Amino acid sequence: MMLLLLVTLAIIVLLTGAALWQQQRRARTFRRLLDLSPNGLLILDRRQRVRWHNPAAARLLDPAEKTDPTGQPITRWLPMLDTLPAPMQRMETLLRRGDQQTQQDLTRLPDIGRQRILLLHPTAEQQAGGEAMERFKRSQYFARIGTWDWDIGTDRLYWSEAIYGMFGYQPGEVTPSYSLFCDSVHPDDRERVRIGEQRCIDTGENHDEEYRVIWPDGSVHWVRETGNVVKNEQGQPVKMMGVVRDITEEKRSVRELEQRAHQDPLTGLPNRLMLEQRLVEALARARARQTRLALVFIDLNQFKAINDQLGHASGDEVLLTVAQRLRSAVRSSDMVARLGGDEFVVLLEGLSRSSRVTDEAHQISEKLFASLASVITLQGRDYRIGASLGVALFPDHAATMDKLIHAADLAMYSAKRSGNNQYRLGEDLNTHAHILAP
């Protein structure tokens, strides 16, 4: 019975937390768990009227299910319950079902706000040989949710069966303990988790942490732990109880969405959004360190003709080759991005302000032209891919992100109008030609 009490209390504490109510999908998951619980759960208002109940509570109060308990005073079924027991106190009281009267075991759980929580304990016969509990356990596995409780200040820790798998163990393979739990948490997350638990103990606030766990095989997984503190009659915290949920797949999905939002799907290079975010940070570093920054806009020549004549597959091959060559031509600390189509951008940081602007731009452009000079073989024929470059330097040509991008963009289009393999500097009237070797 104590196990059922712990399971239900942990889920209720979480279900009634404001954060989980705001997340409909998670709320539905917990609601399904409560619907499968063999324990009857009642939430009462201050007048001891039923605000909410799970199906088991309705069956225990009225097996014929003729009356919905919602809105009804609890004394309709439990006439001796004019005064509720103290929180966490288990008692036996009288249950009235029409003309019949039986004994009913119940426990008052800790209040949540102004709501009173009652847990009705079914008899062994009512549990139908444990089938309801087995369904409840299976639902935990499918929902990737497990329940836990910890005796504060001791090494004693309880895990439901679903938690073992979240920490890389088979049920019963190890004996859960607080020290085992701490050793399983990623070293970079342990202090934060411990501080969160202590805050819950000291203040009574809900505990809610996402952290990594390291499995015995060395793999890293993510869980979300939520819970609350249980106090004794003297108001002293004696236990923490809650729920752990496996969020590894959710984290993976979030990372994939972030990658899609910040990466070009074809080349894997950063896209315009990522470039702008990086450029803001790079400008701040350049100002603080008194260094120069170069932004180079690159437009490929002859790309449209190849794409139209040979097809999109060959065009994609050109773009992938160009992306690889540009990435190899710069330092690992520099950025190569694709804006779309055949437009690329190179961002170079940490350049000295002591050199001449024209010399710096020439050196950068020559290196990029050289990286693109080799032929590309497509469908058995060799092609040369020329480029037009627009180079803008901070702080020489612009002092802000928008103006620097604008200067490099205008310079690139000006170079493109002047012919193949040209580069132009931001706000520079002269076009600088680079002649490819035959």
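Just above sits the structure.
Keep in mind that this is a model prediction, so the values were computed, not measured. (Residues numbered from 1 in each chain as written. Predicted model: local features only at pLDDT ≥ 70, side-chain atom pairs only at ≥ 80, totals over all residues. Heavy atoms only, no water.)

Caption draft 1: Up close: the sheet that holds strand β6 (residues 145-151). Across the sheet, which stays open at both edges, the 5 strands sit in the order β7-β6-β10-β9-β8 with antiparallel pairing between neighbours. Lying at the two open borders of the sheet, with one neighbouring strand each, are β7 (157-159) and β8 (207-214). Averaged over neighbouring strand pairs, the angle between their axes works out to 25° when direction is ignored. Here strand β9 (residues 220-231) runs beside strand β10 (residues 237-246); their pairing, made up of 9 bridges, is antiparallel. Residue pairing in the sheet places T226 in a bridge with V243 of β10. The strands touched by helix α8 (residues 187-203) within the sheet are β6, β8, β9 and β10, with β8 carrying the most contacts at an inclination of about 155°. (Pairing = 2+ DSSP bridges. Helix = DSSP H or I, 4+ residues; strand = E, 2+ residues; numbered from the N terminus. Axes fitted to C-alpha atoms, helices over the stretch in contact; angles between N-to-C directions. Contact = heavy atoms within 4.5 Å.)

Caption draft 2: Molecular detail of the side chain of S314. Following the sequence through the fold, S314 ends up in helix α12 (residues 312-329). Overall, the relative accessible area of 6% leaves S314 in the buried class. A polar contact of 3.1 Å, which involves the side chain of S314, links it to the side chain of Q379. Excluding anything up to four places from it in sequence, S314 contacts L378 and Q379. (Buried < 20%, exposed > 50% of the residue type's maximum accessible area, 1.4 Å probe, protein only. Polar contact = N/O pair within 3.5 Å; in protein donor to acceptor, adjacent residues only side chain to side chain.)

Caption draft 3: Spatial organisation of the environment of P171. Relative to the helices and strands, P171 is located in the loop between α6 (161-166) and α7 (178-184). Using a relative accessible area of 41% as the deciding quantity, one classes P171 as partly exposed. Here the alpha-carbon distance between P171 and W159, two residues 12 residues apart in the chain, equals 9.3 Å.

Caption draft 4: Spatial organisation of α8. Between the first and last C-alpha of α8 there are 25 Å, a value that for 17 residues agrees with the 24 Å anticipated at 1.5 Å per step. Taken together, the buried residues of α8 touch β6, α7, β8, β9 and β10. Taken from the residues just after α8, G204 is the one with a positive phi, measuring 85°. (Expected span 1.5 Å × (residues − 1).)

Caption draft 5: Structural view of the side chain of D246. Take D246: it is sitting in strand β10. By relative accessible area, D246 is classed as buried at 17%. From its side chain, D246 meets the backbone nitrogen of T248 in a polar contact 2.9 Å long.

Caption draft 6: Region of the structure containing the packing of aromatic side chains. Using the criterion set out here, one finds 6 aromatic pairs in the structure. Taken together, a centroid distance of 4.2 Å and an interplanar angle of 10° make the contact between W150 and Y178 stacked. Of this pair, W150 sits in strand β6 while Y178 sits in helix α7, placing them 28 residues apart in sequence. Both residues of the pair, W150 and Y178, count as buried. Arranged with centres 5.8 Å apart and planes meeting at 40°, the rings of Y178 and F181 form a pair that is tilted. (Phe/Tyr/Trp six-rings, centres within 6.5 Å; stacked < 30°, edge-to-face > 60°.)

Caption draft 7: Just the sheet that holds strand β4 (residues 100-112), in detail. The strand order across the open sheet formed by 5 strands is β2-β1-β5-β4-β3, and the pairing between neighbours is antiparallel. Sheet topology places β2 (50-53) and β3 (90-97) at the edges, where each strand pairs with a single neighbour. In this sheet, adjacent strand axes meet at a mean angle of 35° when their direction is disregarded.

Worth remembering: the numbers are spatial, not functional.
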